[in-house]
Amino acid sequence: MNRLQTLFMAWIFPWVPKRLLGRGVGVLMRIPFPGFLSGPLIWVFARIFGIRTADAEKPLHAYHSFDAFFTRRLKPGLRPIGGPVVHPVDGRLTQQGVIQGGELIQAKGWNYSLAEFLGDPELAKTYEGGTFLTYYLCPADYHRVHAPTSGELVTARHIPGLLWPVNEWSVHNIRRLFNLNERVILNFESPRGRWSEVLVGATNVGHITISMDPSITTNRWMWHEPTDRQYTPPIPVAAGSEVGMFHLGSTVICLFEKNFGIQSPGREMPVRIGEVF
C-alpha cells in the first residue's frame with residue numbers, strides 16, 4: 001500500500017459510513033443485467049479482478065448480476081476432499097496457532113480476546129490449548145465457505161458490528177479488528193470434539209448468507225443485540241459441505257478443541273477447499 005492509500009485509510013476512511021456503504025454496494029451488485037450484456041460485463045469484471053472463470057459452474061452469460069457471479073458455485077468435482085480435516089475456503093491462510101491465554105493472534109505482537117470474539121466466555125474456555133486458523137478471501141477468490149470437517153451444527157450466534165476492511169493494512173493497524181466487525185459464529189459438535197467456524201463481515205461485505213439457516217440476516221438497517229439460535233435436532237455437515245457465502249471477499253476463522261490434535265502449517269500460504277493441512 002502506497003503513502004496516499006495509507007493516508008486515506010488512516011485519516012479519511014474512518015469517517016466513511018461503512019454499514020451504509022455496504023448496503024449501497026450490495027444493492028448495486030444485485031441489479032440485474034440486460035440479458036445480452038451478462039456475458040460481456042461478467043468477462044470484463046473477471047478480468048479486472050483476475051478471477052478464474054473456467055472454474056465457474058455455469059457459463060458467464062448465465063450470471064445475471066455481479067452478485068450472482070461473485071457467489072457462483074464451482075464445477076462439480078473441482079475441489080476433491082482430501083481428508084477428514086481440510087481447508088474450508090479458497091483463499092490465503094494468514095494466521096494460525098495454538099489458542100493460549102484465551103487469545104488469538106491478529107498480527108505479530110497483536111492478540112485479541114477469544115471470549116469477546118465469540119461473545120461467550122464459557123465456550124471460549126473449551127478452546128484453550130486448541131488450534132485456530134485465519135483465512136482471508138480476496139475479491140478474486142471463490143466466495144462460498146465450506147465445512148473443514150464433519151459434525152453437527154448445534155448453535156449459531158450473530159453479532160452485529162462495524163464493517164472495517166479486513167485487508168493487510170487493517171489487520172496491522174486496527175486493534176481487535178475481528179472483534180469490532182460483524183460476524184456469524186457457527187458452533188459444531190463431533191465425536192472428536194467441538195469446533196467453530198466464524199464468518200467475519202467487512203467493508204462492502206455486509207451481506208453474509210448461511211446456507212443451513214438463511215433466516216440469519218446480516219447488516220440490518222436497525223442496530224440490534226446479538227442473536228442466538230439453537231438447532232434441535234442438530235444439523236449434520238460433512239467435511240467440504242457448504243455452510244455459507246460472502247457476497248464479496250472477507251475472513252473466515254476456524255477453531256478446534258485440543259482433542260482434534262491439529263497441527264497448523266505454521267506459515268502463511270494460499271489454500272484451496274479440500275486440501276489437507
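In case you missed it, the structure is sitting above this.
Just so you know, these numbers come straight off a predicted model, no measurement behind them.

S.K.: What exactly am I supposed to notice about the nonpolar core here?
M.R.: If you look at soluble globular proteins, the nonpolar side chains tend to sit buried side by side. One finds Tyr135, Leu186, Phe188, Val252 and Phe256 to be the most contacted residues of the largest nonpolar core, which totals 30 residues. When residues no more than four places from it in sequence are discounted, the contact partners of phenylalanine 188 are Glu152, Leu153, Val154, Gly193, Arg194, Trp195, Glu197, Met212, Val237 and Val243.

S.K.: What is the right way to read the pairing of strand β7 (residues 183-190) from this model?
M.R.: It is a general feature of regular strands that their side chains alternate between the two faces of the sheet. Judged by how many residues are buried, β7 sits mostly within the fold: 7 of 8 residues are covered. Bridge count between strand β6 (residues 151-159) and β7: 7 bridges; the pairing is antiparallel. Its bridge partner being in β7, histidine 158 is matched across the sheet by valine 184. Following β7, the chain reverses through 2 residues before pairing antiparallel with strand β8 (residues 193-200).

S.K.: Just checking my understanding: could you explain the sheet that holds strand β11 (residues 242-246) for this structure?
M.R.: Within a beta sheet, neighbouring strands are joined by backbone hydrogen bonds and run either parallel or antiparallel to one another. What the 3 strands build is an open sheet, ordered β5-β11-β9; its pairing is antiparallel. The two strands at the open ends of the sheet, each matched to only one other strand, are β5 (144-146) and β9 (208-210). Between one strand axis and the next, the sheet turns through 20 degrees on average, direction left out of account. Sheet topology note: the β9/β11 ladder contains 3 bridges and is antiparallel. Among the inter-strand pairings, isoleucine 208 is bridged to a residue of β11, identified as phenylalanine 246.

S.K.: Would you explain a nonpolar patch on the surface in this entry?
M.R.: The grouping of Trp43, Val44, Ile48 and Phe49 at the surface amounts to a nonpolar patch, some 400 Å² of accessible area in total. Exposure remark for valine 44: the relative accessible area of 40% places this residue in the partly exposed category.

S.K.: I would appreciate a short explanation of unusual backbone geometry in the present structure.
M.R.: Note: most residues except glycine have negative phi, and most peptide bonds are trans. Note that the residue after threonine 232, namely proline 233, is joined by a cis bond; omega there is 0 degrees. Locating proline 233 in the fold gives a position in strand β10 (residues 227-237). The phi torsion at arginine 176 lies on the positive side, around 60 degrees, for a residue other than glycine. Tracing the backbone shows arginine 176 in the loop between α7 (168-173) and α8 (177-180).

S.K.: Mind showing me how you'd approach the sheet that holds β10 here?
M.R.: Judged by pairing direction, the sheet is antiparallel, and its 8 strands sit side by side in the order β10-β6-β7-β8-β12-β4-β1-β13 without closing on themselves. The open sheet terminates on both sides in strands that have one partner only, identified here as β10 and β13 (269-271). Neighbour to neighbour, the strand axes of the sheet diverge by 25 degrees on average, direction disregarded. Bridge count between strand β1 (residues 91-98) and strand β4 (residues 131-136): 6 bridges; the pairing is antiparallel. Opposite glutamine 95, over in β4, you have threonine 134 as the bridge partner.

S.K.: Quick question: what am I supposed to make of the packing of aromatic side chains here?
M.R.: Two numbers describe a pair of aromatic rings. These are the distance of the centres and the angle of the planes. Counting across every chain of the model gives 10 aromatic pairs. Site record: aromatic cluster; members linked through ring pairs are Phe33, Phe45, Phe49, Phe66 and Phe70. Positioned above the aromatic ring of phenylalanine 69 is the side chain of arginine 72, whose terminal nitrogen or guanidinium carbon lies 4.6 Å from the ring centre.

S.K.: Would you mind showing me how to read the environment of glutamate 116 here?
M.R.: Mapped onto the elements, glutamate 116 comes out in helix α5 (residues 114-118). Residue glutamate 116 is classed as partly exposed on the basis of its relative accessible area, which comes to 32%. Residues in contact with glutamate 116, not counting those within four places in the same chain, are Arg176, Asn179 and Arg183. A polar contact is formed between the side chain of glutamate 116 and the side chain of asparagine 179, at a distance of 2.9 Å.

S.K.: Quick question: what am I supposed to make of the side chain of histidine 247 here?
M.R.: Tracing the chain through its elements places histidine 247 in the loop between β11 and β12 (251-256). Relative accessible area serves as the criterion here: at 10%, histidine 247 is assigned to the buried category. Side chain to side chain, histidine 247 and aspartate 67 meet in a polar contact 2.7 Å long.

The rules behind the values
- Residues numbered from 1 in each chain as written.
- Predicted model: local features only at pLDDT ≥ 70, side-chain atom pairs only at ≥ 80, totals over all residues.
- Heavy atoms only, no water.
- Core = buried A, V, L, I, M, F, W, Y, C linked by side-chain atoms within 4.5 Å.
- Buried < 20%, exposed > 50% of the residue type's maximum accessible area, 1.4 Å probe, protein only.
- Contact = heavy atoms within 4.5 Å.
- Helix = DSSP H or I, 4+ residues; strand = E, 2+ residues; numbered from the N terminus.
- Pairing = 2+ DSSP bridges.
- Axes fitted to C-alpha atoms, helices over the stretch in contact; angles between N-to-C directions.
- Patch = residues over 30% accessible without salt bridge, like charges linked within 9 Å, V, L, I, M, F, W, Y side chains within 5 Å.
- Areas by Shrake-Rupley, 256 points an atom, 1.4 Å probe, with all protein chains shown as cover.
- Salt bridge = Lys/Arg side-chain N within 4 Å of Asp/Glu carboxyl O.
- Phe/Tyr/Trp six-rings, centres within 6.5 Å; stacked < 30°, edge-to-face > 60°.
- Lys NZ or Arg CZ within 6 Å of the ring centre and 35° of its normal.
- Polar contact = N/O pair within 3.5 Å; in protein donor to acceptor, adjacent residues only side chain to side chain.

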